Amino acid sequence: MAVDYAKVGLKVGLEIHQQLATASKLFCSCPPMLFKDEPQMVFLRRLRPTQSELGQIDPSAYFEFQKGVKVLYEANRETACLVEMDEEPPHPLNKEAVETVLTASLMMNMQPVDEVHVMRKTVIDGSNTTGFQRTCIVALDGWIKVGEKVIPMQAASLEEDAARKIGTEADGKIIRYRIDRLGIPLIEVATAPVIYSPMEAQEVALAIGRILRDTGKVMRGLGTIRQDLNVSLPNGALVEIKGVQALDLISTVVEYEVQRQLNLITAKDELTSKGVKAQDIKEDIVDATDVFKDTKCKVIKKAIDKKNVVKALKLTGFAGFLKRELAPNFRIGTELSDRAKFWGRVGGIFHTDEMPNYGVTTEEVKALRKAVSAGAEDAVVFVADTAENTVDALKAVVERAREILTGVPAETRTAKEDGTTRYMRPRPGAARMYPETDIPPTLITSEFVEHVRENLPESAEKKLQRLAKEYGLNEKLATQIVDSEYNTLFENIVKESDVSATTVAVFLTESLKALKRDGIAVENVADEQIREMFRRIGSGELAKEAVSDVFAWLSKNEGKVVRDAVDALGLKMLSKEEITVLVDRVMAENKQSIEKLGKNAFGMLMGLVMKEARGKAKPNDVSELVKQKLS
Amino acid sequence: MSQNEANLGYKGEALEALTKAGCEVGDIVRVTGDGKTYEGILIPRSESGNNKHVVVKLKSGYNVGIRLSANVKIEKVGKGVKPSFASPPLPPQREELPKIVIMSTGGTIASRVDYRTGAVRSAISASDLYGVVPELADLAQVDTQILFSIYSENITQKHWTKIAQTVAEHIAQGAKGVIIAHGTDTMAYTAAALSFALQNLPVPVIVVGAQRSSDRPSSDAATNLIGAVKAAAYGPFAEVVVAMHETVADTTISFNRGTKVRKCHTSRRDTFKPVNGLPIARTADNNEVTMLTTDYRKRDPSAQLVLKPNFSEKVALVKFYPGFDPSLIDWYAERDVKGILLEGSGLGHVSARCFGAIQNVVSQGVIVALASQCIWGRVNMNVYDTGRDLLSLGVIPCDDMFPETALVKLMWTLGQNRDVEEAKKLFKTNVAGEFSPRTLPQETQIKEGGA
C-alpha cells in the first residue's frame with residue numbers, strides 16, 4: 001500500500017536511549033554489566049501505588065497491584081549492591097556520566113542547565129526496585145542537521161536503566177526481574193515531532209546514533225540502544241512505540257504503524273456503516289466449559305483437566321473483522337488477544353473468525369455460538385484459563401472492541417522484531433515526577449562547560465575526511481566505518497598492528513555484516529580479542545583469511561581468547577619446511593599436468609595447495625615457492 | 001505568611017531577587033538571560049543548596065536549577081496553586097472486628113513528599129497511614145491518633161512517659177491492641193522503655209516503623225503496618241514488641257521483644273535484629289501471626305495493667321575505648337548524674353586506669369552498671385582480674401542486656417526509686433524479659449544477609 005505520508009499528516013518524534021560505557025553505574029559503584037548464570041539471590045517485593053497517586057496512577061500498575069501481583073528480583077554479587085536492591089540510598093550522581101551527556105548535548109548545540117536536579121519518575125511495574133526511575137535533565141533546546149533539514153532537539157537527560165524482565169510465573173501473579181541492568185547510566189535525547197516520513201525517522205535516528213558514538217563513551221551491541229517513536233496521525237492517535245532495538249527497523253515500524261492506524265480507521269467506518277455501536281458490545285460473559293468437555297483441542301483440554309474454565313463472549317457485528325489484517329501477520333484478533341494477555345494474564349484467545357481450527361470442531365463452534373446467542377454477523381471470542389483470568393481477559397476484549405468503534409486508542413506499544421507493534425500498556429498520564437531528595441543537585445559551572453566544549457570529539461564529517469586521508473580508505477569504506485560502532489576500535493587496530501587499514505575496515509564492516517547474517521552473535525566478542533586477532537595477523541602468526549573463522553569461534557566460546565581459537569581450529573601457521581613438503585607432494589601428484597602445462601601450471605597448483613593451506617600459510621609465501629619450483 | 005515561608009529554603013541573593021520580583025514558591029515564573037529561557041513552577045530550595053540558584057519545575061515535570069546573575073531576569077507569569085494535603089476518606093469500619101489504636105509519633109513511616117514542590121512533610125497523620133493501607137479496614141476497626149510529629153532522634157524520656165500514659169488510656173478504654181508508629185533511629189530505645197513502663201499488659205503493644213518513606217511505592221511501611229495490625233488485633237501475646245521486616249523481602253514481618261531488639265543496619269529494611277534472643281512471633285506471606293516460642297506473656301483481657309511511666313534524665317551512657325580518659329567519669333558525676341551505664345569491652349572490662357574514678361562516683365551514690373560493646377553475648381566479670389576488680393568496686397554487671405536496653409532500664413529504675421539500694425535491686429530484677437538465662441547459638445546474627 002503506497003501511502004502519501006504528507007497527505008495523511010504523519011508526525012514522528014524520536015526518543016533515543018543509549019547505555020553509557022562508564023566505569024560504574026549511575027548511583028553506585030557496581031560495574032555496569034549483566035550476568036548470565038543463575039542468580040545468587042532472589043527476593044520478593046510488592047510495589048504499592050502511593051496515596052497521592054490514587055486517581056492519577058498508571059491504571060495498569062494499579063490493576064496489577066489490586067490483583068496482588070508481586071515481583072521477584074534476581075541478583076548476583078558482581079553486578080548489584082544494596083543500592084539496586086533499594087536497601088541503601090543512592091550515592092551521588094556519577095560525574096563521568098554527567099560529562100558524557102554534556103559532551104553529547106554540546107555536540108547537538110543544546111544549552112546545559114546550571115544545576116542538575118535528579119527526579120523520581122513513578123514506575124510501579126516492578127522494573128525499578130524503588131517504584132520510580134531516577135532521571136535528570138542536563139541540557140535543553142538544541143538542534144542537529146540531517147541532510148539539509150534542521151531537527152530541533154528538545155532535551156538531553158541522564159537516567160538509570162531499569163531491571164530486566166525475565167518472565168512471569170504463578171499464573172502471572174509473580175513477575176521476575178533481574179536487577180543487574182538497573183542503574184546502568186542511559187542518555188536520553190528527544191527530538192521535536194517534526195519528522196514526516198518513515199525513512200526520515202530512520203535517517204534522524206542514524207544521525208543521533210552517530211553523534212552519541214562519537215562521544216566514545218557509549219556501549220555497543222544488542223540492547224544497549226533503544227529507540228522510542230512517537231507516531232501520530234490527525235485522524236488516528238498519538239501512539240508511543242517503545243524499544244525499537246535495530247536502527248534499520250525504524251522505517252518499517254513507522255510504516256506499519258501508519259498502516260495499522262489507517263486500517264483501524266477503515267474498520268471503524270465499515271462497522272459504523274453496518275450500524276454497529278460501541279454500546280452493542282456487552283460484557284455478557286458466558287461459561288462455555290460444557291461445550292468443550294470432550295474437545296480434541298489440546299490447549300482447552302489441558303485447561304479443563306486443570307479444573308480451569310472456558311468463558312466466551314459475543315462481539316456483535318464483528319464476524320469477519322477479527323481476521324482482518326492491520327499490518328503484515330497482524331490482525332484485529334491480535335489486537336484483542338494482546339489486551340487479553342496483558343489484563344487477563346492468559347496465553348491468548350480463540351475467536352470464531354479462525355474456526356474450525358486448533359482441534360476445535362464445527363459442532364463445537366455451533367454449540368458455542370448457541371451458548372452466547374450469536375448470529376451469523378457476530379463473532380465469538382473464548383478463553384480457557386482460571387475463572388478470574390478468563391473474566392479479566394474477556395473484559396479487556398470488550399474494552400478493545402468498543403475502542404474499535406471510536407477509532408485508534410492512544411496507547412504505549414512495544415516493537416517486535418518483524419516491525420509490527422504490540423500493546424504494552426495504556427499511555428501514562430502526565431509523568432508524575434518529584435525530586436529525588438537523597439541526591440544533592442549537581443552544579444554545572446561555566447568553567448566546566450567550557451572545558452567540555454574545548455575537548456569535544458571530532459564530528460562525523462571531519463572524521464570521514466580524516467579517515468580517508470590518514471588511512472587511504474575509499475569513501476564507501478570510510479563512511480561505513482564512521483557509521484559503524486567500531487570506529488574507535490578501527491583506529492586502535494590500525495595503530496597497533498601491521499595490517500592494512502583497508503583489510504581492517506573491510507572486516508569491521510562487510511565481514512561482520514556477513515557473519516551477523518549467518519547468525520553469528522557478533523556482540524559476544526570483546527574488543528580486546530578483535531585487537532589480538534589483528535596483532536597476530538600483523539606478526540604473521542595468523543593468516544588474514546582465517547579471521548572470520550576465528551571470530552565465529554570466539555563468539556560461540558565466550559571468555560576464550562584468540563590462542564584458544566587457533567588451537568581449536570588447527571590454524572597454527574605452517575612452517576617453511578611444512579609448506580615445502582606440501583608443495584612437493586602436490587607437484588608429485590600432478591606430475592603429468594605440470595609436464596604438459598609447464599609454467600602455466602602455476603594457477604592450478606596454487607589453487608590445489610591453498611585449498612589445503614588456507615588460513616595456515618600466507619598466499620605470498622606459497623606462490624613464491626611454487627614459482628621457484630616451476631622454474 | 002512571612003516571606004521566608006513563602007520562599008521556602010531561599011536565602012541571600014536568590015531570596016532578594018525573588019522578593020524583588022514578587023515571586024513565591026508555587027508561582028509560575030519565567031527566568032530569562034544568558035541566551036536561555038525557562039518557564040515553570042518555582043520550587044523550594046533545599047537547605048543545603050547555595051543561594052545563587054533558583055529551582056524551576058518545567059512543564060515536562062523535570063526540575064532544573066538556574067544561576068542568577070546581573071543579566072538574568074525573573075518574572076512572575078502566573079499565580080501558583082498552594083499545595084494541599086487532602087486525606088482520603090477513612091474506609092467504613094466493620095463492627096465485628098477488634099478495635100485497635102494506631103498512634104503516630106513521626107519518623108519515616110509518617111513522612112511524605114509534596115509531589116508538586118518536592119518538600120518533605122513529616123506529618124502524615126495516623127489516619128493518612130490508614131488511608132494509604134485500606135486493607136487495614138478488613139483486619140480491624142482502627143482508631144488513629146497523632147501524638148507527636150517528630151523525628152525519633154528528638155524523642156526523650158518525657159516522650160516515653162507520654163506514650164506509655166496514652167497507651168494505658170487506650171487499653172483502659174478497651175483497645176484490643178495498641179500500635180505506635182515511630183522513627184526507626186531510636187525506636188528500639190522506646191520499645192525498651194515501654195517494656196518497663198507497661199507491666200502486666202492485657203493486650204499487645206506494637207512499635208512499628210519504616211526504612212523507606214511511605215510516599216515511595218517500594219516503602220516497607222504498609223507491610224510493616226499490616227503485620228503490626230494483625231498482631232495488635234489477633235496476636236496471642238501481651239508484650240511490647242517491634243514489628244519490622246525480617247529479611248530484605250516483603251514476605252515476612254517478625255516481632256521482637258522490646259528489650260531484646262536493636263537497629264543493626266543504617267538503611268536495610270531488616271535492620272531490626274533480635275540481640276541475645278529470637279523473634280517471638282512472625283507473619284509470613286500475609287498469613288496470621290504465628291508464635292515461635294511458648295515462653296511469652298499471653299493475651300489476657302482480665303489482666304490489670306500496671307503503669308510505671310517515669311524515667312530519670314540523670315543517667316549517662318559512657319563508652320570505653322583504648323586511651324579513654326577516666327576524668328570523663330568524674331565529669332558526669334559533677335553534673336549530678338545518678339547512674340552511669342559503662343559500655344565496656346569484651347566480657348565486661350574497662351582499663352584499670354578508670355578504677356579510681358569509678359570508686360569515687362560509686363562512693364557518691366552513683367549506680368555504675370556495665371554492659372558489653374560486643375552487643376551480642378553475656379558479660380561475665382569473673383573470668384579476668386579486671387572484671388573481678390570492677391565487681392569489687394561495686395559495678396553491676398548487666399548480664400545479657402546490651403547497652404541500649406541497659407541504659408533505658410537504668411533510667412527507668414532511677415525513675416522509680418530514690419533509694420540507691422532499692423534501685424540497684426530493681427535494676428538486677430528481670431522485669432520485661434531483658435535478662436535471659438540461656439543463650440542459644442542461633443541467637444547471634446553473624447551470617448550473610450538475604451532472603
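What you see is a predicted model; the values in this text were computed from it and never measured.

Analysis parameters
Per chain, residues are indexed from 1 in the order of the written sequence. Each chain takes a letter, starting from A, and each ligand takes a number, starting from 1, following the order in which they are written. Restriction of local features to residues with pLDDT of at least 70 applies here, the model being predicted, together with a cutoff of 80 or more for giving and counting side-chain atom pairs; totals for whole chains, interfaces and linings are based on all residues. Water and hydrogen atoms play no part in the side-chain values, which are based on all heavy atoms of the structure. Here the rule is simple: two strands pair whenever DSSP picks up at least two bridges between them. Strands are runs of DSSP state E lasting at least 2 residues, helices are runs of H or I lasting at least 4, and numbering of each runs from the N terminus. Expected helix span is given by 1.5 Å per residue-to-residue step, counting one fewer step than there are residues. Only protein chains enter the accessibility calculation, which uses a 1.4 Å probe; a residue whose area is less than 20% of its type maximum is buried, one above 50% is exposed, and one in between is partly exposed. Just so you know, the domain bounds were taken from an automatic or database domain assignment. Contacts are assigned to residue pairs with any non-hydrogen atoms lying within 4.5 Å of each other. Buried area: the accessible surface (1.4 Å probe) lost by two parts on joining, summed over both. The rule for a salt bridge is simple: a side-chain nitrogen of Lys or Arg has to be within 4 Å of a carboxyl oxygen of Asp or Glu. Polar contact is the term for a pair of N or O atoms within 3.5 Å; when the atoms are in protein, one must be able to donate a hydrogen and the other to accept it, and sequence-neighboring residues count only if both atoms are side-chain atoms. Residue type decides the class: Asp, Glu, Lys and Arg count as charged, Ala, Val, Leu, Ile, Met, Phe, Trp, Tyr, Cys and Pro as nonpolar, and the leftover types, Gly among them, as polar. Confidence of the prediction at every residue is given by pLDDT, a number between 0 and 100.

## Some details on the pairing of strand β6 (residues 119-122) of chain A
All names here are of chain A. In this structure, β6 lies alongside strand β7 (residues 132-146), joined through four bridges in antiparallel fashion. Bridge pairing links Arg-120 to Arg-134 in β7. Where β6 lies against strand β22 (residues 433-435), three bridges are found, and the strand directions are antiparallel. Bridge pairing in β22 links Lys-121 to Met-433.

## Concerning helix α4 (residues 157-172) of chain B
All names here are of chain B. Counted at 1.5 Å a residue, the expected span for α4 with its 16 residues is 22 Å, and the 23 Å between its end C-alpha atoms agrees. Within α4 the residues assigned to the buried category are Gln-157, His-159, Trp-160, Thr-161, Ile-163, Ala-164, Thr-166, Val-167, Ala-168, His-170 and Ile-171. Once α4 ends, the next one or two residues include Gly-174, with phi positive near 100 degrees.

## Describing unusual backbone geometry
The omega torsion of the bond from Met355(A) to Pro356(A) falls at -5 degrees, within 30 degrees of zero and hence cis. With respect to the element layout, Pro356(A) can be found in the loop between β18 (350-351) and α8 (362-371). Of note in the backbone geometry, Asp399(B) takes a positive phi value of approximately 55 degrees without being a glycine. Residue Asp399(B) is classed as partly exposed on the basis of its relative accessible area of 26%.

## Description of the domain arrangement of chain A
Residues and elements named next belong to chain A. Domains assigned within chain A are domain 1 (5-271), domain 2 (277-404), domain 3 (460-569) and domain 4 (576-630). Placing a centre on the C-alpha atoms of domain 3 and another on those of domain 4 gives a separation of 30 Å. Taken together, the contact between domain 3 and domain 4 spans four residues of the former and six residues of the latter. Together, the buried faces of domain 3 and domain 4 total about 380 Å²; carbon and sulfur atoms form 63% of this surface. For domain 3, the biggest contributors to the area lost against domain 4 are Gly-540, Ala-543 and Glu-545; these three give 84% of the whole.

## Some points on the interface of chain B and chain A
Opposite the 51 residues of chain B that make contact, chain A presents 51 residues. For the pair chain B and chain A, the two sides together bury roughly 4000 Å², of which 50% comes from carbon and sulfur. Counting across the interface, chain B meets chain A through nine salt bridges. Residue Asp114(A) pairs with Arg67(B) through a salt bridge whose shortest N-O separation is 3.5 Å. The interface formed by chain B and chain A contains 21 residue pairs in polar contact (both at pLDDT 80 or more). For the side of chain B that touches chain A, the secondary-structure elements that each account for two or more residues are β2 (36-43), β3 (53-57), β4 (63-67), β7 (112-113), α3 (126-132) and α6 (221-234) of chain B. In terms of residue count, β4(B) provides more of the side of chain B that touches chain A than any other element does, five residues in total. Within the side of chain B that touches chain A, the residues separate by chemical class into 21 nonpolar, 16 polar and 14 charged. Where strand β5 (residues 115-116) of chain A and β4(B) come together, two bridges link them in antiparallel fashion. Counterpart to Glu115(A) in the pairing with β4(B) is Gly65(B).

## Re the confidence of the model for chain B
Do not read the predicted coordinates in detail wherever pLDDT is low. With 89% of its residues at a pLDDT of 70 or more, chain B shows a mean pLDDT of 89. Listed scores for the predicted complex are pTM 0.83 and ipTM 0.91.

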